[in-house]
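Survey of secondary and tertiary structure
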Amino acid sequence: MVRSPYELSTPADVLAGLHPRLRSYFGAVPPGHVGRGTGVFDVIGTPRRWLWPVLAWFARDAVMFPVWEHDVPFTVENRPVRVGRGRGAEGHVAVRAHRTFRFRTGDRTMVDAITAGPDGLVDHLGRRGRVSARLRAEVDAGGPDAGALRLVSTHVTFRALGREWGLPAVIAPRVTLVERFDDDAGLQRVSLVLRAPFVGTLYRYEGAFSYSVVPEGGR
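What counts and how
Position numbers for residues count from 1 along each chain, tracking the sequence in the order it is written. Local features in a predicted model are, by the rule used here, given only for residues with pLDDT of at least 70; side-chain atom pairs are given and counted only at 80 or more, and totals for whole chains, interfaces and linings are based on all residues. Side-chain metrics rest on all non-hydrogen atoms present in the structure, leaving aside hydrogens and water. Runs of E in the DSSP output that reach at least two residues are strands. Runs of H or I that reach at least four are helices, and both are numbered from the N terminus. Put simply, the radius of gyration uses C-alpha atoms, and a globule should come to 2.2 Å times the residue count raised to 0.38. Buried residues are those whose accessible area, probed at 1.4 Å on protein chains only, stays under 20% of the maximum for their type, while exposed residues exceed 50% and partly exposed ones sit between those limits. Two residues form a contact once any of their heavy atoms are found within 4.5 Å. Definition used for salt bridges: Asp or Glu carboxyl oxygen within 4 Å of a side-chain nitrogen of Lys or Arg. Polar contacts here mean pairs of N or O atoms no more than 3.5 Å apart (in protein, one a potential hydrogen donor and the other a potential acceptor; neighbouring residues in sequence count only if both atoms are side-chain atoms). Two rings belonging to Phe, Tyr or Trp (six-membered ring only in the last case) form a pair when the distance between their centres is within 6.5 Å. Interplanar angles under 30 degrees mark stacking, angles over 60 mark edge-to-face geometry, and anything in between is tilted.

This brings us to the overall build of the chain. Along the chain, the regular secondary structure elements total four helices and eleven strands. In terms of overall size, the chain behaves like a compact globule, its C-alpha atoms giving a radius of gyration of 17 Å where 219 residues would be expected to give roughly 17 Å. For the chain, the spread of C-alpha atoms along the three principal axes comes to 45 × 40 × 40 Å. Considering the chain as a whole, with its 219 residues, one finds that 44% of them fall into the buried category. In the chain, once contacts between residues fewer than 6 apart in sequence are set aside, the share between residues at least 24 apart is 53%.

As structure tokens, then:
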């Protein structure tokens, strides 16, 4: 039976609290299929232009972009893959996402792969996966986000000089991602905020999209 990284790494009682439409989104993408979504980001990037040179460096690996735009159309494609480290590594079960943003200056694509690692969910960011974030999964039981999935980074590493380096918690940025389903609009809503100690919000995006799993090559 094919299982997604979320199903492999998150307790079943936690996933049981998800909105039914989110259970499908965070479930497995069957072989020969792809998950496709289309929507609009209300906002993406940061208005703090002094951060843009740093974001430009991350943009080269398709992680973040030096922008501050509103009403940005986007598409997303999720595919099942395996992600591994080292020569001959078989890899961990993963879902690789390509999110293409229609910025005013042209299309840019963000790439990441969520894996089921030995210590839980890990998000490998960018085409090369040089930056990784270990994630804690939570499901809101009540309130306006009841049934939503909240992912919070608990440890950040980066690869350099042939090895992984962990960032101390006192300086490590923290990612908070919330995925919820809006029954009234019939759309999935996503919100991501990247914050750093002593600095505040470095990058964020929020928007809504429709999503379905279809055969590869289908529409």
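So, on to the pattern of salt bridges. What the rule picks out here adds up to 13 salt bridges. Note that D107 is salt-bridged to R102, the shortest N-O span being 2.4 Å. Two residues, E138 and R136, come together in a salt bridge whose shortest N-O distance is 2.7 Å. The class of R136 is partly exposed, set by a relative accessible area of 37%.

Mapped onto the elements, D182 comes out in strand β9 (residues 174-182). Judged by its relative accessible area of 15%, D182 is buried. Side chain to side chain, D182 and R189 meet in a polar contact 2.8 Å long. D182 has contacts with L187 and R189, leaving out every residue within four places of it along the chain.

Taken as a whole and judged by the stated rule, the model has 13 aromatic pairs. On the numbers, 4.7 Å between centres and 65 degrees between planes, the contact of Y6 with F26 is edge-to-face. With a gap of 20 residues between them, Y6 in helix α1 (residues 5-9) and F26 in the loop between α3 (20-25) and β1 (33-45) connect regions that are remote in the sequence. By relative accessible area, Y6 is classed as buried at 11%. Cluster of aromatic residues (ring-pair linked, three or more members): Y6, Y25, F26, F41, F65, F74, F101, F103, Y205, F209 and Y211.

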